[in-house]
Amino acid sequence: MHKHTCTPRQPALAKLAPEAMRLSPLQLLLLLGAWVIPGGLGDRSPLTATAPQLDDEERYSTHMPTHLRCDACRAVAYQMWQHLSEAEAKLHTPEPGKRRELSESGYTDVLDRSCSQSWQGYGVREVNQVRHLTGPGLSKGPEPSISVMVTGGPWPIRLSMTCLRYLGEFGEDQIYEAHQQGRGALEALLCGSPRGACSKDAPVTKEEL
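Residues numbered from 1 in each chain as written. Predicted model: local features only at pLDDT ≥ 70, side-chain atom pairs only at ≥ 80, totals over all residues. Heavy atoms only, no water.

Caption draft 1: Helix 7 (residues 155-170), seen in detail. Along its 16 residues, helix 7 runs 23 Å from first to last C-alpha, staying within 8% of the 22 Å computed at 1.5 Å per residue. Taken as a whole, helix 7 has its buried residues at W155, P156, R158, L159, S160, T162, C163, Y166, L167 and F170. (Helix = DSSP H or I, 4+ residues; strand = E, 2+ residues; numbered from the N terminus. Expected span 1.5 Å × (residues − 1). Buried < 20%, exposed > 50% of the residue type's maximum accessible area, 1.4 Å probe, protein only.)

Caption draft 2: Molecular detail of the pairing of strand 1 (residues 123-127). Pairing of strand 1 with strand 2 (residues 130-134), which is carried by five bridges, proceeds in the antiparallel orientation. By the bridge assignment for strand 2, G123 is matched with T134. Joining the antiparallel neighbours strand 1 and strand 2 is a turn of two residues, in which N128 adopts a positive phi near 55°. (Pairing = 2+ DSSP bridges.)

Caption draft 3: A look at the packing of aromatic side chains. The tally for this structure, following the rule as stated, stands at four aromatic pairs. When the centroid spacing of 5.9 Å and the interplanar angle of 40° are considered together, the rings of Y78 and W81 count as tilted. One end of the pair, Y78, and the other, W81, are both in helix 5 (residues 69-89), three residues apart, so they sit about a helical turn from each other. With relative accessibility at 14%, the residue Y78 sits in the buried group. Looking at W81, the relative accessible area reads 26%, which means it is partly exposed. Just above the ring of W155 sits the side chain of R158; from NZ or CZ to the centre is 4.6 Å. Stacked on the ring of W81, the Lys or Arg R183 has its end atom at 5.7 Å from the ring centre. (Phe/Tyr/Trp six-rings, centres within 6.5 Å; stacked < 30°, edge-to-face > 60°. Lys NZ or Arg CZ within 6 Å of the ring centre and 35° of its normal.)

Caption draft 4: The state of the cysteines, seen in detail. All told, the structure shown has three disulfides when counted by the stated rule. One disulfide in the model links C73 with C191; its S-S distance is 2.0 Å. Given an S-S torsion of about -100°, the disulfide between C73 and C191 has left-handed geometry. Of this pair, C73 sits in helix 5 while C191 is found in helix 9 (residues 183-191), placing the two residues 118 residues apart along the sequence. (Disulfide = S-S within 2.5 Å.)

Below you can see the structure in the form of structure tokens.
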């Protein structure tokens, strides 16, 4: 009669010990993370992303492309609101019951600076074959797990021109009055009018290249 001895099966991780001794701390951390974390490298396909494929209008037009104007307007509204809010925060604490309020020359200067900034934090990203502007103030729900954003190029000057156009169209007084009612009111003023960039009735014709 043969007697079989059953040896407890060693955890698979133990088999890695001799090899792990020759790994650097960083390599060991990556190896363990892939082994023990659900969805680690052992059972997930590599994530890949490609840069947006821009059309001629997006590449060469001096104007903001039509399909990106709503995003651009929202970015401008956010930057105006943020610059004005930061300037107000630097004012002396007002008397009880009063709010911090910039002078006319103060908010005029701040709005000019909000338009003449570098706009380097903005660019174009493609998600599900749809291109959008992305950057501060433009987040919409969950971010994609991986994507490529194209910054620089014509986007800063286009955003600056868009900002200056709204400044000329509505004027500093009306913009500051809307700002005092909140960020949403400022965005509604610039972008939500019947012919605004985010309206269903917004013009859809492309500018000449």
